[in-house]
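Next come the chains, spelled out residue by residue.
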Amino acid sequence: MKTNFSLLFYLKKPKNYLKGAAPVYLRITVDGKPVEMSASRKCEPELWNTKAGHMIGTKECQNLKFLS
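Predicted, not measured: the structure shown is a model, and the values here were computed from it. (Residues numbered from 1 in each chain as written. Predicted model: local features only at pLDDT ≥ 70, side-chain atom pairs only at ≥ 80, totals over all residues. Heavy atoms only, no water.)

**Here we look at the packing of aromatic side chains**
Stage number 1. Under the counting rule described, the total for this entry stands at 1 aromatic pair.
Stage number 2. Against the face of Y25 rests K12, its NZ or CZ located 4.8 Å from the ring centre. (Phe/Tyr/Trp six-rings, centres within 6.5 Å; stacked < 30°, edge-to-face > 60°. Lys NZ or Arg CZ within 6 Å of the ring centre and 35° of its normal.)

Below, the structure is given as structure tokens:
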């Protein structure tokens, strides 16, 4: 029996979003059944690479942005 799954990280901006960091969410799909959950992280939209599903920059840069 073969099981298909996929992972997708994305920013989920609230309806009343104006600016600032947006929460990062994770969508896990197993055999076509999706489940969404928070990744307990936030990211500035300018630093998010939508196509790749991760932050832009080096690990040090990401840690500094996360701490500030």
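**Let's talk about the sheet that holds strand 1 (residues 5–11)**
Stage number 1. Reading across from one edge, 1-2-3 is the order of the 3 strands in this open sheet, with antiparallel pairing throughout. If you trace the sheet from one side to the other, it starts and ends with strand 1 and strand 3 (33–43), each paired once. Going from strand to strand, the sheet's axes swing by 20 degrees on average, the running direction of each strand aside. (Pairing = 2+ DSSP bridges. Helix = DSSP H or I, 4+ residues; strand = E, 2+ residues; numbered from the N terminus. Axes fitted to C-alpha atoms, helices over the stretch in contact; angles between N-to-C directions.)

**Some words on the pattern of salt bridges**
Pairing between side chains of opposite charge can happen when the charged atoms of each approach one another.
Stage number 1. With the rule as written, the count across this model stands at 2 salt bridges.
Stage number 2. Among the salt bridges present, the one from K12 reaches E36, with a minimum N-O distance of 3.6 Å. On the criterion of sequence distance, the pair formed by K12 in the loop between strand 1 and strand 2 (22–30) and E36 in strand 3 is long-range, its members being 24 residues apart.
Stage number 3. Taking the relative accessible area as the measure of exposure, E36 reaches 40% and is therefore partly exposed.
Stage number 4. Measuring nitrogen to oxygen at the nearest pair gives 2.8 Å for the salt bridge that ties R27 to E36.
Stage number 5. With a relative accessible area of 27%, R27 lands in the partly exposed category.
Stage number 6. Within the structure, one salt-bridge network assembled from shared partners comprises K12, R27 and E36. (Salt bridge = Lys/Arg side-chain N within 4 Å of Asp/Glu carboxyl O. Buried < 20%, exposed > 50% of the residue type's maximum accessible area, 1.4 Å probe, protein only.)

**Some remarks on a nonpolar patch on the surface**
Stage number 1. Taken together, the side chains of F5, L7, F9 and V30 define a hydrophobic patch exposed on the protein surface, amounting to about 400 Å² of accessible area.
Stage number 2. Top contributing element to the nonpolar patch by residue count: strand 1, with 3 residues.
Stage number 3. Mapped onto the elements, F9 comes out in strand 1.
Stage number 4. Using a relative accessible area of 36% as the deciding quantity, one classes F9 as partly exposed. (Patch = residues over 30% accessible without salt bridge, like charges linked within 9 Å, V, L, I, M, F, W, Y side chains within 5 Å. Areas by Shrake-Rupley, 256 points an atom, 1.4 Å probe, with all protein chains shown as cover.)

Function-wise, these values are silent; they only describe arrangement.
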